[in-house]
Amino acid sequence: MGLSGEPASTKGVALMATSDPHHAAGRFPAGRLAFAHRDLTGIGHLQRHEILYLLHEAEQWVALNRQRTKHSDLLAGLTIINAFFENSTRTLLSFEIAGKRLGADVVNMHAAQSSVKKGETLIDTAITLNAMRADAIVIRHGSSGATRLIADKVDCPVLNAGDGQHEHPTQALLDALTLRHALAERGEGAEDFTGLNVVICGDILHSRVARSNILCLTALGARVRVCAPPALMPAGVEAMGVEVHHNFDAALDGAEVVMMLRLQSERMSGQFIPSPREYRHLYGLTTKRLALARPDALVMHPGPMNRGVEIDSEVADLAGRSLITRQVEMGVAIRMACLDILTRGARGVEGWA
Amino acid sequence: MRQVQPLAIVNAQLVTPQGVVSGALRCADGVILAFGSDIAAEDGDAIVDAKGKLLTPGLVDLGVFAVDKPAFHFGGITRAALMPDQSPALDLPSRVGFIAKSGKPDLWVHPLAAATRDLAGRELAELALMQEAGAKGIATGRRWIADSGVMLRLLQYAAMLDMVVVTHAEDGNLVGEACATAGEIATRLGLPAAPAEAEALAIARDIALAGLAGARLHIRQVTTARGFALVREAKARGLPVSCGITPAHFMLSDLATADFRTFTRLSPPLRCEADRQAALAAIADGTVDVIASGHDPRGPEDKRLPFADALPGMAGAETLLAMVLGLVRDGVIDLCRAFDLTAGKPARLLGVPAGALVAGLEADLALIDPDAPWIIDRRKMAATADNSPFDRQGAQGRVLGLWKGGVRLGG
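Per chain, the residues get numbers from 1 upward, laid out in the order the sequence is written. The lettering of chains begins at A and the numbering of ligands begins at 1, in the order of writing. At least 70 in pLDDT is required for a residue's local features to be given in this predicted model, at least 80 for side-chain atom pairs to be given and counted, and no such filter applies to totals for whole chains, interfaces and linings, which use all residues. Working from all heavy atoms in the structure, the side-chain values ignore hydrogens and water.

Let us now look at the packing of aromatic side chains. Residue and element names in this part refer to chain A. Within 6.5 Å between ring centres, the rings of Phe, Tyr and Trp (the latter by its six-membered ring) count as paired, and their orientation is classed by plane angle as stacked under 30 degrees, edge-to-face over 60, tilted in between. Overall, the coordinates contain four aromatic pairs over all chains when judged by the stated rule. Look at F28 and Y53: their rings are 5.1 Å apart centre to centre, the planes differ by 65°, and that puts the pair in the edge-to-face class. In this pair, F28 sits in the loop between α1 (21-27) and α2 (48-65) while Y53 sits in helix α2, placing the two residues 25 residues apart along the sequence. Any residue under 20% of the maximum accessible area for its type is buried, any over 50% is exposed, and the rest in between are partly exposed; the area is computed with a 1.4 Å probe on protein chains only. Its relative accessible area of 9% is what places Y53 among the buried residues. Going along the chain from the N terminus, every DSSP run of H or I of four or more residues is numbered as a helix, and every run of E of two or more is numbered as a strand.

Turning next to the interface of chain A and chain B. At the interface, 20 residues of chain A touch 16 residues of chain B. Together chain A and chain B conceal approximately 1400 Å² of surface at their shared face, both sides included; 61% is due to carbon and sulfur atoms. The rule for a salt bridge is simple: a side-chain nitrogen of Lys or Arg has to be within 4 Å of a carboxyl oxygen of Asp or Glu. Linking chain A with chain B are zero salt bridges. Polar contact criterion, stated in full: a pair of N or O atoms within 3.5 Å, where within protein one must be able to donate a hydrogen and the other to accept it, and residues adjacent in sequence count only if both atoms are side-chain atoms. Applying the counting rule to chain A against chain B returns five residue pairs in polar contact (both at pLDDT 80 or more). Whether two residues are in contact is decided by their heavy atoms: any pair within 4.5 Å suffices. The term buried area refers to how much accessible surface (probe radius 1.4 Å) is lost by two components on association, counted for both of them together.

Residue and element names in this part refer to chain A. For two strands to pair, DSSP has to find at least two bridges joining them. An order of β2-β1-β3-β4 is seen for the four strands of this open sheet, with the pairing classed as parallel. Each edge of the sheet is formed by a strand with only one pairing partner; in this case those strands are β2 (105-110) and β4 (158-163). Between one strand axis and the next, the sheet turns by 15° as a mean value, whatever way the strands run. Two strands pair when backbone bridges link them, and strand β3 (residues 136-141) and β4 are joined in this way by four bridges, in the parallel orientation. Bridging across to β4, I139 finds its partner in N160. Along the sheet, helix α12 (residues 324-342) contacts β1 (79-84), β3 and β4; its crossing angle with β4, the most-contacted strand, is approximately 145°. Angular values range over 0 to 180 degrees, each being the angle between N-to-C directions of two axes fitted as lines to C-alpha atoms, with helices fitted over their stretch in contact.

Moving on: the pairing of strand β8 (residues 257-260) of chain A. Residue and element names in this part refer to chain A. Neither face of β8 is left uncovered, since the one carrying V257 and M259 and the one carrying V258 and M260 both have all their residues buried. As defined by bridge partners, strand β5 (residues 197-201) adjoins β8 across four bridges and the pair is classed as parallel. For V198, the partnering residue across the bridge sits in β8 and is V257. Where β8 lies against strand β9 (residues 298-300), three bridges are found, and the strand directions are parallel. Looking across to β9, one finds that V257 is bridged to L298.

Residues and elements named next belong to chain B. The domain boundaries here were taken from an automatic or database domain assignment. Each assigned domain of chain B is listed here: domain 1 (7-54 + 365-408) and domain 2 (59-350). For domain 1 and domain 2, the distance between their C-alpha centroids amounts to 26 Å. Between domain 1 and domain 2, a total of about 2700 Å² is buried, with carbon and sulfur atoms accounting for 71% of that surface. Three residues stand out in domain 1 for area buried against domain 2, namely N387, F390 and K404, and they jointly supply 26% of the buried area on that side. Across the contact surface, domain 1 and domain 2 share zero salt bridges. Connecting domain 1 to domain 2 are nine residue pairs in polar contact (both at pLDDT 80 or more). Breaking the side of domain 1 that touches domain 2 down by element, the ones donating at least two residues are β1 (7-16), β2 (19-28), β16 (365-375) and β17 (394-404). Considering each element in turn, the side of domain 1 that touches domain 2 owes the most residues, eight residues, to β17.

All names here are of chain A. Scanning the model with the defined rule gives 48 salt bridges over all chains in all. In this structure, D152 and R148 form a salt bridge, with 3.3 Å as the shortest nitrogen-oxygen distance. Given a relative accessible area of 26%, R148 falls into the partly exposed group. Notably, a salt bridge pairs D340 with R344, separated by 2.9 Å at the nearest N-O pair. The class of D340 is buried, set by a relative accessible area of 0%.

So, in C-alpha cells, the structure goes:
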C-alpha cells in the first residue's frame, strides 16, 4: 500500500470537524462492505447504510473545501472523464472541480463537439473512452438507463450524473448532506431524516432529481409529498412511498422542507402548462405560500432556477431559510466522496480490492 | 419442387380440428388426401414413421416483419403473412408481387398490402391491384391510422374486396414517443410512458368503423384487459372482429423491462401483470383468435442502445411453438386450439387453403415432439438477429420434421 493508499479519512485533512474516523470505523461495515458497488448509477441500488456512508465520507471534503488550500493528492495520476451527452454547466463544473481538488486528471467530453453527432453509437463511444484507460467515467445522458448500459461495457467505475428521467444520484446525496447540515445548525441534528416532512413540487414526471430524492429521502426515513399538476405527475408514483398532491397549498401544510423543481420544457412534447404565469399562480413558491409551511421551513432547489416562475426571488434569496447556494457547495464535496470511494479498488486501498 | 411421390406419415398423433387421433396421414400432389386411424400406407408411398409424435399443420404466422426462412423453419412455420413495413413499404403491386413469390417453394410468404401510401395514414394505396398481385390482406403497419375518415374509407374499400384489415391498436396521439406503459415500473425507470388505455381507445374506434363499413377487422395485438373486453363485446354482437397476440404479452409483464433490457422493448409495450393475466384469460375463453410470432429480428445497431432509443420488436419465430405448447401444458388451451390459434384461424383470415389437417388442403405439415426440452439461447438462434426476450429460458417442444406441399424441408 503506497502513500496514496492510506484510508481517506486520515489523509491530508487535518480538521475533521464533523466526522470522527474512529466512530466511523465502528459505524459502518469494514472496507468494501461499506459500499459494495463498482458504479453509482442510482440511489435505487443503495442500502440505507451505504447512503449514510457516502454522506459521512463527504464531511471531510466539506471541511477541506472551506480551507484556503483546497487540494488533496488522493487521486493523483488517475484520469477521470466527464462524458456529458447532454448540456450541463453546473453539474459538469461541480464534477470537474471535485476531480481536480482530489488531484486527478480531469477531461471533459462535450456531446455537442463529439462523434456522437457523427452517428457513432453510445456503446462505441463508451468503448473508446474505456480504451483510453479512464479510471472513472462520469456520464450524463438524455436517455434513461444509458449510464447502466455504458457501465456494463467499460472496466472502470461509472458515475451517473443524470440519465434521462431516471436518476441523478449525486444530486439526491448532496441534497441530503445539505439538509443534514442545515438541521444540525439549528440544533435538530440527527443522522437521518426520520419523521421529517418534505414536499417536492414541480415537474415530477420529467425529473430525475425527484426520483433520486424520493428514493434517498424515504430511505432515510422522511415523509415525502410530491406535488405537481396531473399531467406532470407520473402514474403509480405513490408506489414509491410518497403522498401525491395536486394542490400546493394543501401539500405545504406542516412541511419542514420544500424542494422546488424547474419545468423541464426541453423534455416536453406538447403543452403541459397553459403558461408560466398560470404555473406560478398554482405552483410558484411565493413568500405568501411559504407561510403555509412550518414557520422555519427550509427551501431547496437543484437549479437552474426560473425566478418568478416556480420560485420567487424573495424566497430563493431568503437568508437562513433558502439552502440553494449551500446545495451547490455540498455538491462538490459529495462528488469528491463518490470519486474517492469508487476509485478505492483501483488505488489498492486496503479492504477495497 | 413438387411432390413427386405420395407420402404416408404413419404411427402419428394427428392434431385435427376435431381432436387428436392416432393414425396415419397420406398426401399426394401437394395436398392432404386422407388421414385417420383407418388409413394405411399404400403401394408406392414414401413412408415416414412418426413414432407416436404429433403431426400438426405447419404454422401460419400472421404478421411478421421480416422473411427469415431459417427461423421460420426452426419454428415449424410454413407460411408467413408479411407486414407491409418494409423498405420500401409494400404499397405498390410490383412490390407485393415480388414478395409473394420470394419464399417459394419451401416457404410461402403472404404479403399484407399497405393500407395507405408509404404507411403514412393519409392516402389509400392501390389495394385492388395489390390483391391481384398476391396480397392476402391489408395492414395499417406498425402504426394506427389516426384520421377516422381515412380509416372508414379504408374499411369500406376492404369490405368491397373482402380482404381482412389488420390493424395496430394504439392511439398514436396519446402514445407519442412513449416506450413503456404508464405505471409503477415506467415511473421508477423514468421511461416515457403512455396509459394502457391508448389501446382501448384505438380498438373502440376501429370496431365502430368496421361495424359501419361491414369490414373484417383483425387487431394484430390486443394486450390489455380493456382491449379484450371490447373485442369480446364486439364478437357477442356478431361483428367479424378477431384479434391476436404474441407470446411476449402473455409471458411477460413490464417487470421484465426493469433492467432496461432492450429486448423487452416492444410495440405495444409490455403491460402490467393484471393485463398479462387478462391475456391468458382471453386466450382461454376464445376471445383471442391468433397467436403469432411478430417476428422482428433486430441487430445490435437497433438494440444496443438506451431503452427509449432502441427500436421495438423481438425475434419470435423460433420460440412461438414452444410458448404456445406451454399454454397447453399449463391447461390454458388444448392441443387442437393451440394449432387453430397458430395455423387454422390465420389461414382462414388470409383465405389460404392450409392451416389444418383437412382433406384437400395443402400438405403443409409439422412433426412435433411436444415435450422435447431445450434452452432458448440467443447465441444459437437461426434467426437473422438474436433479440429474444426469452433468452436463457427453458422451453419444451421441438419440430422434428417439416413438409411444405408434401415435400420435406431440410432433407
